[in-house]
Amino acid sequence: FFFQAEDGIRDYKVTGVQTCALPDLFIMNNKKWNISKGGSVNWKKDNIEANKFVLSHEDQQIDVNSEPDGLTNHVNLTANFTNINLVDFVPILFKNPSIKGKLNGKMDIVEPMKTMKLDFNGTVDSLEIEGERVGKVRIDADGDMAKGVFNYHALSNDSANTFSFDGFYKPGDSTGKRINGLLS
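The rules behind each value
- All residue numbers refer to positions counted from 1 along the written sequence of the respective chain.
- With pLDDT at 70 or above as the cut-off, local features in this predicted model cover only qualifying residues; side-chain atom pairs require 80 or more to be listed or tallied, and sums for whole chains, interfaces and linings still use all residues.
- As a rule here, side-chain values come from all non-hydrogen atoms in the structure, and water together with hydrogens is ignored.
- Helical segments are the DSSP runs of H or I of at least four residues, strand segments are the runs of E of at least two, and each set is numbered from the N terminus.
- Think of it in three bands: with a 1.4 Å probe and only protein chains considered, a residue is buried below 20% of the maximum accessible area for its type, exposed above 50%, and partly exposed in between.
- The definition of a polar contact used here is a pair of N or O atoms within 3.5 Å, where within protein one atom must be able to donate a hydrogen and the other to accept one, and adjacent residues in sequence count solely through side-chain atom pairs.
- Any two residues having at least one pair of non-hydrogen atoms within 4.5 Å are treated as being in contact.
- Grouping into patches uses exposed residues only, defined as over 30% relative accessible area, and leaves out salt-bridged ones; the cut-off is 9 Å for like charges and 5 Å for nonpolar side chains (Val, Leu, Ile, Met, Phe, Trp, Tyr).
- With residues, only the protein chains shown are counted as cover, and all accessible areas are computed by Shrake-Rupley using a 1.4 Å probe.
- One speaks of a salt bridge when a side-chain nitrogen belonging to Lys or Arg is within 4 Å of a carboxyl oxygen belonging to Asp or Glu.

Caption draft 1: Fine view of the side chain of Asp158. The residue Asp158 is located in the loop between strand 14 (149–157) and strand 15 (162–169) in this model. Its relative accessible area of 16% is what places Asp158 among the buried residues. Here the side chain of Asp158 touches Arg133 through a polar contact of 2.9 Å, side chain to side chain. Residues contacting Asp158, with those up to four places away along its chain left out, are Arg133, Val134, Gly135 and Lys136.

Caption draft 2: Focus on a nonpolar patch on the surface. On the surface, Ile92, Leu93 and Phe94 cluster together into a nonpolar patch covering about 300 Å² of accessible area. Tracing the sequence through the fold places Phe94 in the loop between helix 1 (86–93) and strand 11 (99–110). Judged by relative accessible area, Phe94 falls into the partly exposed class, the value being 35%.

Caption draft 3: A look at helix 1. All of the buried residues in helix 1 are Leu86, Asp88 and Val90. The secondary structure elements touched by the buried residues of helix 1 are strand 4 (24–28), strand 5 (31–35), strand 9 (60–68), strand 10 (75–85), strand 11 and strand 12 (117–129).

Below you can see the structure in the form of structure tokens.
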């Protein structure tokens, strides 16, 4: 994994960090990712905001924006993923198994600087695991960082495979039940 940022304006202040993205790029795994003109990410002690922050490489795009929460005084983030090639990102998390496919979907990140809760809905087209074709898979997942648990549901009605997979992942669990799933 290789990451390199080039150019751009960064203002460092006592109260936080503001990154204004000019027509800029960064390199990850020898691929140039463009950062949209006019996009910004603002980090403060207890808040993060994103405005028109778009990363793109060829037909792949990650679009991040913030929205005020209607119930609280917090700002939530939304990330939209379009044609994200999993082979570029999965090795950041783990090397095995080998996973390929194109991810499309939306992730809501509630209170990212506090309790952080995640909600993802999307699909992976042409999913392959260790070179075996799985097909198109619908994925719904949610996570609660304060509780340390991530739940997931995957469903495929593809001609290659038909299945449903439900489970959870608890990264901090030391009882031996860190990951659990039911395939049907």
